[in-house]
Amino acid sequence: EFVVGEHFLVPDHVKISNEEKQDVLKKFNATLRQFPVILDSDPAISHLEAQPGDLILVKRKSSLVGVAPFYRVVIHG
């Protein structure tokens, strides 16, 4: 069975806790509406049981910094 999240071209996706989410919002002095979105139906997060409003950490591999973190807020779609 093919699992999208295990493909070598798909970066790691991690659902962060509510406490971590608040830390990220404070760090960037931002609201959830200011983050890029990811659909709750996206195959890359299907294994996370993510709900609208959750914040997903996307760990992209980078030749310059090793791992570059990106955040996406889950929306229904």
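Details of the structure are given in the entry above.
The rules behind these values
Residues numbered from 1 in each chain as written. Predicted model: local features only at pLDDT ≥ 70, side-chain atom pairs only at ≥ 80, totals over all residues. Heavy atoms only, no water. Helix = DSSP H or I, 4+ residues; strand = E, 2+ residues; numbered from the N terminus. Buried < 20%, exposed > 50% of the residue type's maximum accessible area, 1.4 Å probe, protein only. Lys, Arg positive; Asp, Glu negative; His and termini not counted. Salt bridge = Lys/Arg side-chain N within 4 Å of Asp/Glu carboxyl O. Contact = heavy atoms within 4.5 Å. Core = buried A, V, L, I, M, F, W, Y, C linked by side-chain atoms within 4.5 Å. Polar contact = N/O pair within 3.5 Å; in protein donor to acceptor, adjacent residues only side chain to side chain. Pairing = 2+ DSSP bridges.

Student: Hey, could you run me through the side chain of Arg72 in this one?
Tutor: In this fold, Arg72 is placed in strand β4 (residues 66-75). Here Arg72 is buried and forms no salt bridge, its nearest opposite-charge partner Asp42 lying at an N-O distance of 8.5 Å. Setting aside chain neighbours within four positions, we find Arg72 in contact with Pro36, Val37, Ile38, Asp54, Leu55, Ile56, Val58 and Arg60.

Student: Honestly, the nonpolar core in this entry has me stumped. Any pointers?
Tutor: Soluble globular proteins tend to bury their nonpolar side chains together. Ile16, Val24, Leu25, Ala30, Phe35, Leu55, Leu57, Tyr71 and Val73 form the largest nonpolar core, which has nine residues in total. Among the secondary structure elements, those contributing two or more residues to this core are α1 (18-28), β3 (55-62) and β4. Beyond its immediate chain neighbours, meaning those up to four positions away, Val73 contacts Leu32, Phe35, Pro36, Val37, Ile38, Gly53, Asp54 and Leu55. If you look at the next biggest cluster of nonpolar residues, it comprises seven residues, including Ile38, Leu48, Ala50 and Ile56.

Student: It is not clear to me how the side chain of Asp54 should be interpreted in this structure. Could you clarify?
Tutor: Mapping Asp54 onto the fold places it in the loop between β2 (37-39) and β3. In terms of polar contacts, Asp54 uses its side chain to reach the backbone amide nitrogen of Gln51, at 2.7 Å.

Student: Would you take a moment to explain the pairing of β4 for this structure?
Tutor: Working note: regular strand, side chains alternate between the two faces of the sheet. Summarising the sheet, β2 and β4 pair through three bridges and their orientation is parallel. The partner of Ile38 across the bridge, within β4, is Val74. With eight bridges connecting them, β3 and β4 associate as antiparallel partners. Across the sheet, residue Lys59 finds its bridge partner in β4, namely Pro69. In textbook terms, the turn of a hairpin is the stretch between consecutive antiparallel strands, and for β3 and β4 this stretch comprises three residues.

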